[in-house]
Structure formats: C-alpha cells, structure tokens
Amino acid sequence: MTHDLAANKQNAIDFYRTAYLGDPAKAVALYVGNKYIQHNPAVKDGKQGFIDYFTEMAEDYPEIPTPLNNC
C-alpha cells in the first residue's frame, strides 16, 4: 500500500475546514468511512456525534476562527 502524504494532508484540511465552516454533515459524507471514532471525550463517537457537535459549535460560535485559517 502506498500513501500520498500531500493528498492525505489536503483531505484532512478540507475535512476540518468544511466542518468548521458550518457543514459537518457534508464533511462526514465526503471524507469519513464507515466508522468514525472520536477521540475528544466531550464528543460522542460516530458520524452523528461529530455532526451534532460541530453543528452546535457553528450555531453557538459563528465567528470563531478555525485553526486552519492559515492552511
């Protein structure tokens, strides 16, 4: 198996940028496989847990800067 580091990095950036910009369902649909394991104990495991968390974050903090602004 080969790994394309540049493509993997861009996919990760695109995934989080899409989620942080308020469309976590789209991010999950485009970039998440069958199973999503969340490592943040404040967020539920699974795709829906990720979507719920980032949807709430976008509603509660619409002007929050993303850590990916400079990517």
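Structural data are supplied above this passage.
A brief structural summary. Source: prediction; values computed, not measured.

Thresholds, definitions, all that
Residues numbered from 1 in each chain as written. Predicted model: local features only at pLDDT ≥ 70, side-chain atom pairs only at ≥ 80, totals over all residues. Heavy atoms only, no water. Helix = DSSP H or I, 4+ residues; strand = E, 2+ residues; numbered from the N terminus. Buried < 20%, exposed > 50% of the residue type's maximum accessible area, 1.4 Å probe, protein only. Contact = heavy atoms within 4.5 Å. Areas by Shrake-Rupley, 256 points an atom, 1.4 Å probe, with all protein chains shown as cover.

## A word on the overall build of the protein
In terms of regular secondary structure, the protein is built from three helices and zero strands. Listed by position from the N terminus, the elements making up the protein come as α-α-α. Looking at the protein as a whole, 24% of its 71 residues qualify as buried. The contacts of the protein with a sequence gap of at least 6 include a subset with a gap of at least 24, amounting to 36%. Only carbon and sulfur atoms are counted for the fraction: they give 53% of the accessible area of the protein, which is about 5,400 Å².

## Some thoughts on the environment of Tyr-31
Looking at where Tyr-31 falls in the secondary structure, it is placed in helix α2 (residues 24–31). Distance in space between the C-alpha atoms of Tyr-31 and Asn-11 is 7.3 Å, their sequence separation being 20 residues. Leaving out residues up to four positions away in the same chain, Tyr-31 has contacts with Asn-11, Asp-14 and Phe-15.

That is the geometry; function is a separate question.
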